[in-house]
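Chain and residue survey
Chain by chain, the residues run as shown.
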Amino acid sequence: MKRFVTLLLPLGLLAHTLPEILHHVDQNGLLEAKKYEVLAKKRLYEAAKAKNLFSIDASLQGIWLHETPTMSLHLSLPDMPPLPSRFQAAAKEQYTGELAISYPLFTGFAITNLIEKSKLDMVKTRLEKRDLKRRLYLKADALYGHIYTLEHTKRALHKALQAMELSYRKAKGFYKQGLIPLSDLKNIEAKRYEIEAKLQEIKAATSSLYQELGYLSGQKIQSIDGLPDIELPKNLDVTKRADVLALKKALAMDRKDVALAKSALYPKLFVKGALRGYGNDLSLSGDGYRNGDQSYAAVQMRYNLFNGFGDKAKIEAVRAKFLAKRSFLDDYIKRARTQLRSDQLTLRALESKRVWAKKRVEAARSYYELIKGRYDNQLSSADELSRSIASLAEARAQLAGVRSRIFVQKCKIALQVSLEHFVKELGL
């Protein structure tokens with residue numbers, strides 16, 4: 001195969017193997033974007049875990065009042081002059097500094113479920129990245145196989161064109177000697193132009209596919225190597241596939257949403273302790289009216305008694321979402337298994353067709369050699385010779401097409417089951 005590609009393409013142009021192309025596909029922009037999405041989900045998971053730890057906060061507050069704080073007293077004693085009724089109660093400038101530590105003792109399992117959901121989301125995104133790679137590999141394999149078919153079709157047409165050129169020269173000599181009519185010569189000439197037109201069409205289609213494969217891999221590709229042999233995994237289980245596993249993680253996330261919604265039905269318990277200082281300057285030693293040390297410890301419990309049945313409605317909504325996702329996953333796995341069985345049947349049919357295609361090439365070659373010998377001895381027409389050349393080219397192209405389809409089908413089956421097995425088979 002390598003020698004064939006070298007003959008077809010300019011000297012010095014190296015053919016790309018499928019493992020080389022897939023290695024470059026790993027640097028595809030879509031995978032790069034997914035890599036950063038995985039990193040973002042990892043950081044969100046770390047942020048969620050932080051909610052389960054205590055929190056330390058420091059604050060400093062300064063207040064400059066417009067009026068001096070006062071306190072009014074209303075005292076009336078017999079035989080005594082009136083006492084002052086208004087007294088200063090605090091400084092006009094007030095500073096408060098606090099270093100507090102708080103911890104959620106119980107949140108109805110909300111924080112625990114939130115952390116677990118965030119972890120599931122991170123794992124799901126990693127699986128989505130793996131599945132994206134699997135789908136990009138499928139696309140690259142299909143393009144590679146199609147290009148292989150077209151390259152072999154080009155080769156078959158080149159051989160047909162060479163045979164047609166030799167026949168045309170010989171027919172031209174026969175015509176000059178008056179052995180064949182002009183119509184025979186024109187028939188071969190017309191067939192030659194037909195093959196040339198097909199060859200140009202195939203070249204345009206091949207160039208387009210090379211462009212698409214180049215975009216996928218980020219490399220300039222102008223030639224490919226042969227088809228590598230792919231051995232299918234023995235255990236054809238679609239449930240281990242990345243997209244199925246990602247859906248299972250999404251289902252587990254919905255289950256956590258149900259648990260999160262139920263957490264609203266529990267009371268919430270928090271504890272807090274703080275070193276707190278107050279004063280009329282930054283020394284926080286009091287203002288002459290109130291003490292400077294205002295440190296404290298606190299316990300808080302919150303429980304919602306009624307919110308218009310909103311919590312119940314939310315629980316029912318997320319439970320319905322979970323049931324919908326579970327039904328979707330069951331159907332997705334059934335469809336994947338059905339597709340796998342269908343692909344296996346297609347592969348068996350193609351392997352049978354390959355035997356027939358080989359026989360057809362042998363028959364077409366024998367027929368062409370027979371007709372060519374007869375034509376050289378003026379025992380068959382130019383039309384028969386043209387048709388035998390075209391038939392041989394078509395048979396060769398069809399055999400290459402069947403081989404390509406078998407290769408693509410094997411890649412498809414392998415990637416429907418296990419990306420890891422496929423990577424191992426190609427030595428990536």
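Higher on the page you've got the structure.
Once a new chain begins, its residue numbering starts again from 1 and follows that chain's sequence as written. Whole-chain, interface and lining totals are the exception, using all residues; otherwise, since this is a predicted model, local features are given only for residues with pLDDT of at least 70 and side-chain atom pairs are given and counted only at 80 or more. Side-chain metrics in this entry use all non-hydrogen atoms of the structure; hydrogen atoms and water are not considered.

Side chains of K240, K248, R337 and R341 sit close together on the surface and give a patch of like positive charge. Its location among the elements puts K240 in the loop between helix 5 (182-217) and helix 6 (242-262). Residues enter patches when they are more than 30% accessible in relative terms and free of salt bridges; like-charged ones are connected within 9 Å and nonpolar ones (Val, Leu, Ile, Met, Phe, Trp, Tyr) within 5 Å. Only the protein chains shown count as cover for residues, with accessible areas throughout obtained via the Shrake-Rupley method and a probe of 1.4 Å. Salt bridges are identified by distance alone: a Lys or Arg side-chain nitrogen within 4 Å of an Asp or Glu carboxyl oxygen. A positive count includes Lys and Arg, and a negative count includes Asp and Glu. His and the chain ends are not counted in either. One atom stands in for each charge, and that atom is NZ of Lys, CZ of Arg, CG of Asp or CD of Glu. Helix and strand assignments come from DSSP, with helices taken as H or I runs of at least 4 residues and strands as E runs of at least 2, each series counted from the N terminus.

Our next topic: the environment of L216. Topologically, L216 is positioned in helix 5. When the C-alpha positions of L216 and A259 are compared, they lie 42 Å apart, and in sequence the two are 43 residues distant. Should any heavy atoms of two residues lie within 4.5 Å, those residues are considered in contact. Sequence-distant contacts of L216, that is, excluding residues within four places in its chain, are made with V25, N28, L136, K139, A140 and L143.

Turning to the packing of helix 5 against helix 8 (residues 382-417), a few remarks are in order. Angular values range over 0 to 180 degrees, each being the angle between N-to-C directions of two axes fitted as lines to C-alpha atoms, with helices fitted over their stretch in contact. Running from amino to carboxyl end, helix 5 crosses helix 8 at an angle of 15 degrees, the nearest separation of the two axes being 8 Å. The orientation of helix 5 relative to helix 8 falls into the category roughly parallel. The two elements helix 5 and helix 8 meet at a crossing, and its hand is right-handed. Every residue of helix 8 that contacts helix 5 at D184, N187, I188 and K191 is listed here: A382, D383, S386 and A390. Side-chain classes follow a simple rule in which Ala, Val, Leu, Ile, Met, Phe, Trp, Tyr, Cys and Pro form the nonpolar group, Asp, Glu, Lys and Arg form the charged group, and the remainder, Gly included, forms the polar group. For the contact of helix 5 with helix 8, a count of residues per class yields three nonpolar, two polar and three charged. When an angle is under 35 degrees it counts as roughly parallel; over 145 it counts as roughly antiparallel; between 65 and 115 it counts as roughly perpendicular; any other value is oblique. Less than a right angle of anticlockwise turn of the near helix away from the far helix marks a crossing as left-handed, whereas a clockwise turn marks it as right-handed.

Moving on to unusual backbone geometry. Backbone geometry places L284, a non-glycine residue, at a positive phi of 55 degrees. On the secondary structure map, L284 appears in the loop between strand 5 (268-279) and strand 6 (285-286). For every residue, the accessible area obtained with a 1.4 Å probe (protein chains only) is divided by the maximum for its type, and the residue is called buried under 20%, exposed over 50%, and partly exposed between those limits. Note on L284: relative accessible area 23%, which makes it partly exposed.

This part covers the packing of aromatic side chains. A pair of Phe, Tyr and Trp rings is counted when the ring centres sit within 6.5 Å of each other, with Trp represented by its six-membered ring. The angle between the planes then sorts it: under 30 degrees is stacked, over 60 is edge-to-face, the rest tilted. All told, the structure shown has nine aromatic pairs when counted by the stated rule. Ring geometry for F109 against Y266: centres 5.7 Å apart, planes inclined by 90 degrees, an arrangement best described as edge-to-face. Taken together, the positions of F109 in the loop between strand 4 (93-106) and helix 4 (110-176) and Y266 in the loop between helix 6 and strand 5 put the pair 157 residues apart, joining distant regions of the chain. Since its relative accessible area comes to 45%, F109 is described here as partly exposed.

Next up on the list: helix 4. Every α-helix winds through 3.6 residues per turn, so residues three or four apart in the chain are directed the same way. Here, expected helix span is obtained from the residue count minus one, scaled by 1.5 Å. An ideal rise of 1.5 Å per residue puts 99 Å on 67 residues; helix 4 measures up with 97 Å between its terminal C-alpha atoms. G178, located one to two residues past helix 4, shows a positive phi value of around 75 degrees.

With 36 residues, helix 5 extends 52 Å from end C-alpha to end C-alpha; this agrees with the ideal 52 Å at 1.5 Å per step. Following helix 5 by one or two positions, G218 has its phi on the positive side, about 75 degrees.

Time to look at the pattern of salt bridges. Counted according to the given criterion, the structure contains 31 salt bridges. The partner of E32 in a salt bridge is K35, with the nearest N and O atoms 3.4 Å apart. Note that E32 and K35 are positioned in helix 3 (residues 29-50) at a spacing of three residues, about one turn of the helix. Note that R43 is salt-bridged to E46, the shortest N-O span being 3.3 Å. Of this pair, R43 and E46 both sit in helix 3, separated by three residues, roughly a single helical turn. You can call E46 partly exposed: its relative accessible area is 35%.

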